[in-house]
Amino acid sequence: MADFLQAGGNIEDLMAEAERKHIVVYTPALVRDKATWALSELARITVAIEAAQDAAERGRLAAELHDMALLDGIGAALYHEESAVNAAVAKLSAFRGVKTAVDKARVTARKRRKGIESALQSDVDVASYEPVLVTLRQIAKTSGLAPQALNPHGWRCDPGGVWAVSVNKDGEEIVRKVGNLPLIVSGTGVETKGEGVLTLRWHALGAWRELEIPRKAALVARDLAPFAGMGLPVNSTNAGELVAYLDAYLARNEPILPRRQVATTLGWKAVTRAGQPGGRVFVLGDRSLGAEGEEPVNVATHTLRDYPLSAGYRAGGTPEGWKAALATVKDRKALVLALVASCAAPLIRIIPSAPNAILDFAGPTSQGKTTALRFAASAWGMPNERDEHGIVGSWNAKPTYLERVAGMVPDLPILLDDTKNQQDKKILAEIVYGVASGIGRGRGSIVGVQPTARWYTVLISTGENPIVSHMREHGGGVARVITLWGSPMGQESTENGDLARALNRAVVAHHGHVGPALVRLLLRPGAPEAAEAAWHGHLAAWSNLAGGDAVNLRRAETFALLSCSLDLLRALGLDLCDPLPWAWAQVSGDADSQGKADVNALIDAWSWAVANQGQLDSLPATRHPPNGGYIGRAGRSKEGEDYAIAFGAAALKKHLSREGYEPDAVVRRWDERGWVTRGEKYNREKVVKVAGACCRCVCVRLAGLIEAGCIGETGAADLWPPLEKPAASEGQEGAPPHRDEDRWRRD
């Protein structure tokens with residue numbers, strides 16, 4: 001039968017030829033049908049013998065067991081469902097007068113079973129067990145199995161599952177079911193880092209299913225069992241035996257199994273041709289982008305299931321739809337910078353000297369920061385963080401998770417929204433510094449040390465406070481951070497709000513086009529060398545602007561990387577403004593102009609406080625609650641506290657905004673200059689008692705007032721008029737004046 005099929009014949013021709021020559025031909029479907037019929041006949045005979053009135057009638061019924069067709073069917077049943085046959089035979093043997101006939105039938109049926117096994121297995125590959133009447137080559141094609149693959153010694157794989165086969169001392173074959181579904185190895189692979197991968201296939205629900213898993217997981221029982229959650233027919237009780245089966249299968253068939261390159265992470269991968277180094281491809285989502293003629297790299301399916309994030313790197317909508325959205329914001333510097341930073345990530349690995357970068361959007365809530373993050377994400381994939389596979393993440397995560405995400409997408413941007421979701425600010429600082437350094441935590445293993453993860457990426461983050469405020473101990477990491485204050489959409493207005501909503505809708509509908517196009521530019525011959533040369537040219541220009549400042553010189557490396565990214569985007573035909581000079585002014589700044597702005601802001605705030613002394617608590621003029629409510633407190637609320645005036649945080653921000661300043665940026669720079677007394681809970685804001693209520697205030701030191709020129713060289717005692725002892729209220733000697741605490745509202 002095997003020779004006939006391998007010669008190109010089909011099942012129908014074989015059956016016709018066998019019928020003409022009166023030869024019994026066994027096929028898997030025929031064997032199953034015979035087994036089902038035989039078991040039903042055994043059940044019928046058992047019921048009849050049980051109801052028989054005398055020994056003669058029982059003997060006549062037992063004689064039916066010697067019918068040749070029935071014996072053939074019992075042999076088929078022993079092949080498929082031996083336990084059911086044994087149970088039926090044991091029940092028949094219990095009746096008086098029929099045991100001898102049953103024993104003879106059992107011996108004959110076992111011989112038939114061996115004949116069936118020989119017909120089905122002898123020199124027939126595993127694929128012939130497919131219960132479909134197609135040629136062997138078609139079976140191999142549809143199942144992904146090499147036509148020459150054989151069952152390993154001591155094992156059998158058929159439509160009923162995986163079986164362990166052994167022979168007892170009497171020479172009888174003992175078959176024991178190990179797995180309920182047929183399971184084969186249809187191919188092997190090597191991960192781009194050199195680790196082995198196996199492609200497993202099993203037949204379930206009428207179709208072949210496939211899963212690629214690490215080779216070491218397929219050959220270690222405790223590592224194989226967890227893949228049951230992905231549909232693999234394995235459980236905790238049979239994992240050990242299935243590992244033995246897969247090992248035997250590979251020992252017999254691995255030389256003829258197809259072999260391919262597989263990626264378990266995204267980003268740049270080196271490929272080989274005929275065992276020799278070839279070129280490189282860029283793995284993105286479930287596909288690989290390569291130069292023309294480059295061998296593709298398959299993405300391991302377990303990778304896509306373990307990391308749903310990787311499935312989010314896909315295209316949606318049309319390039320034209322995305323470009324139309326870009327046209328509405330092409331002059332918005334902050335948004336364009338977010339896009340440029342997002343597209344800079346693939347450049348870092350091919351420019352060895354380029355650093356990892358961090359772009360941080362900081363400012364009040366509902367000012368368009370998340371919109372900028374989504375716009376940056378739309379270059380590569382699904383930008384909607386609410387989507388199951390959205391590539392915009394949250395800061396609400398543990399360091400281990402974020403480290404593994406960085407290792408999973410090492411040449412793509414990491415996008416994290418809202419730093420306030422990270423409750424432990426030490427963890428936040430650790431994560432940011434880890435991204436900036438590009439090296440994961442070192443870990444040990446049973447045999448030594450595990451490979452240390454490395455990534456080449458750009459982190460784009462949002463939050464109400466800048467992440468550098470949590471990185472005071474990581475100076476090198478701070479130099480890699482580009483912090484932009486305020487709204488990426490511009491001044492708050494109905495027009496800008498409508499634009500932000502339209503942009504969000506557009507990028508959710510159209511995304512994942514510009515990133516792959518940029519990668520294809522980098523795959524052109526000579527592109528990596530040209531990119532590195534361009535980076536050095538841009539670095540020289542930005543270094544000239546940095547002067548001799550060490551921090552700005554390190555920032556120049558990041559701006560050179562962003563300049564290369566902007567060049568590539570423009571090479572794609574995108575009409576973009578140049579946001580880099582504006583961003584450089586934001587992070588490095590003109591020291592003189594920025595210093596004057598800080599001084600002017602404090603002078604304006606001081607003048608406002610002096611002009612409204614009646615609204616400052618603790619002064620004689622505020623014995624009675626002011627009509628407009630309190631704007632702060634003059635002087636210290638406790639002895640030993642180092643500040644001269646505590647501005648109510650909400651009132652100060654409102655005043656600075658009215659005067660044209662950016663309140664958060666101003667207070668941040670006051671703090672950096674040492675003019676502000678920091679609080680334990682709210683960083684730049686300190687809890688101070690105003691009119692008997694605890695309120696959040698910006699507390700300015702006396703030294704800050706003197707340095708800004710608000711007051712002359714004077715002591716704190718001469719700063720405000722001496723406090724007078726308040727007069728007693730009528731009927732209460734020495735009673736303090738009434739304070740309407742409701743007039744002060746905590747921000």
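All of these numbers come straight from a predicted model, not from anything done at the bench.

Visitor: What should I look at first to understand the overall build of the chain in this one?
Guide: Secondary structure summary: the chain contains 28 helices and 24 strands in total. A buried classification covers 49% of the 747 residues belonging to the chain. Within the chain, contacts between residues at least 6 apart in sequence are counted, and of these 66% link residues at least 24 apart. Working note: accessible area of the chain is about 35000 Å², and carbon and sulfur atoms make up 51% of it.

Visitor: Would you take a moment to explain helix H6 (residues 82–93) for this structure?
Guide: Since there are 3.6 residues in each turn of an α-helix, residues three or four apart along the chain are aligned in direction. The first and last C-alpha atoms of H6 sit 16 Å apart over 12 residues, in line with the 16 Å expected at 1.5 Å per residue. Residues of H6 that are buried: Val85, Ala88, Val89, Leu92 and Ser93. Seen end-on, H6 carries its buried residues on one side only, within an arc spanning 135°.

Visitor: Whenever I open this one, the pairing of strand S2 (residues 161–167) confuses me. Can you help?
Guide: The buried fraction of S2 amounts to five of the seven residues, a majority that puts the element mostly inside the structure. Of the pairings in the sheet, the one linking strand S1 (residues 155–158) to S2 comprises four bridges and is antiparallel in character. Bridge pairing links Asp158 to Gly161 in S2. Pairing geometry for S2 and strand S3 (residues 173–179), over six bridges, is antiparallel. Following the sheet pairing, Val165 is matched in S3 by Val175.

Visitor: Is there a simple way to think about the sheet that holds S3 in this case?
Guide: Pairing between the strands of a sheet comes from backbone hydrogen bonds, and it takes one of two forms, parallel or antiparallel. Ordered by their spatial adjacency, three strands build an open sheet running S1-S2-S3, and the pairing between neighbours is antiparallel. Edge positions in the open sheet fall to S1 and S3, since each of these has one partner strand only. Averaged over all adjacent pairs, the angle separating strand axes in this sheet is 30°, with direction ignored. Strands S1, S2 and S3 of the sheet are contacted by helix H11 (residues 239–253), whose axis makes an angle of about 95° with S1.

Visitor: Quick question: what am I supposed to make of the packing of aromatic side chains here?
Guide: Pairs of aromatic rings are described using the distance from one ring centre to the other and the angle between the two planes. For the coordinates displayed, the defined rule picks out nine aromatic pairs. Ring centres of Phe559 and Trp584 lie 5.1 Å apart, and the angle between their planes is 85°; this geometry places the pair in the edge-to-face category. One end of the pair, Phe559, is in helix H23 (residues 550–571); the other, Trp584, is in helix H24 (residues 580–587), and 25 residues separate them in sequence. Exposure remark for Phe559: the relative accessible area of 0% places this residue in the buried category. Site record: aromatic cluster; members linked through ring pairs are Trp155, Tyr245 and Tyr249.

Visitor: Which parts of the structure should I look at to understand helix H15 (residues 333–350)?
Guide: Given a rise of 1.5 Å per residue, 18 residues ought to cover 26 Å, and the 27 Å separating the end C-alpha atoms of H15 matches this to within 8%. If you look at H15, its biggest bend is around 35°, right at Ala344, and the proline Pro346 turns up within four residues after that. Counting buried positions over the 18 residues of H15 gives 16, a clear majority of the element.

Visitor: Quick question: what am I supposed to make of the pattern of salt bridges here?
Guide: Any two side chains of opposite charge can pair, given that their charged atoms come close. Following the criterion strictly, the structure yields 23 salt bridges and no others. The partner of Asp498 in a salt bridge is Arg501, with the nearest N and O atoms 2.6 Å apart. You can see Asp498 and its partner Arg501 sitting in helix H20 (residues 494–509), three residues apart, about one turn around the helix. According to the relative accessible area criterion, Asp498 is partly exposed, its value standing at 39%. Two residues, Glu685 and Arg696, come together in a salt bridge whose shortest N-O distance is 2.9 Å.

Visitor: Quick question: what am I supposed to make of the environment of Gly115 here?
Guide: With respect to the element layout, Gly115 can be found in helix H7 (residues 99–121). Distance from Gly115 to Ala76, taken between C-alpha atoms, is 9.6 Å for residues 39 residues apart in sequence.

Visitor: So what exactly am I meant to see when it comes to the packing of helix H21 (residues 514–522) against H23 here?
Guide: Viewed as axis vectors pointing N to C, H21 and H23 meet at an angle of 100°, and their least axial separation amounts to 10 Å. Accordingly, the angle class assigned to the pair H21 and H23 is roughly perpendicular. Between H21 and H23, the contacting residues are Val514, Leu518, Leu521 and Leu522 on the first element and Leu568, Leu569 and Ala571 on the second. Considering only residue class, the contact of H21 with H23 consists of seven nonpolar, no polar and no charged.

Visitor: What should I look at first to understand the side chain of Ser378 in this one?
Guide: Note that Ser378 resides in the loop between helix H16 (369–377) and strand S13 (392–394). Since its relative accessible area comes to 0%, Ser378 is described here as buried. A polar atom in the side chain of Ser378 sits 2.9 Å from the side chain of Trp322. Among all residues touching Ser378, those that are not within four sequence positions of it are Trp322, Pro383, Val507, His511, Gly512 and His513.

Visitor: How should I be thinking about the environment of Trp155 in this particular structure?
Guide: Along the chain, the position of Trp155 falls in strand S1. Judged by its relative accessible area of 14%, Trp155 falls in the buried class. Here the alpha-carbon distance between Trp155 and Val175, two residues 20 residues apart in the chain, equals 8.8 Å.

So, how was this worked out
Residues numbered from 1 in each chain as written. Predicted model: local features only at pLDDT ≥ 70, side-chain atom pairs only at ≥ 80, totals over all residues. Heavy atoms only, no water. Helix = DSSP H or I, 4+ residues; strand = E, 2+ residues; numbered from the N terminus. Buried < 20%, exposed > 50% of the residue type's maximum accessible area, 1.4 Å probe, protein only. Contact = heavy atoms within 4.5 Å. Areas by Shrake-Rupley, 256 points an atom, 1.4 Å probe, with all protein chains shown as cover. Expected span 1.5 Å × (residues − 1). Arc of directions from axis to C-beta. Pairing = 2+ DSSP bridges. Axes fitted to C-alpha atoms, helices over the stretch in contact; angles between N-to-C directions. Phe/Tyr/Trp six-rings, centres within 6.5 Å; stacked < 30°, edge-to-face > 60°. Bend = angle between axes of the 7 residues up to and from the residue. Salt bridge = Lys/Arg side-chain N within 4 Å of Asp/Glu carboxyl O. Parallel < 35°, antiparallel > 145°, perpendicular 65-115°, else oblique. Nonpolar A, V, L, I, M, F, W, Y, C, P; charged D, E, K, R; others polar. Polar contact = N/O pair within 3.5 Å; in protein donor to acceptor, adjacent residues only side chain to side chain.

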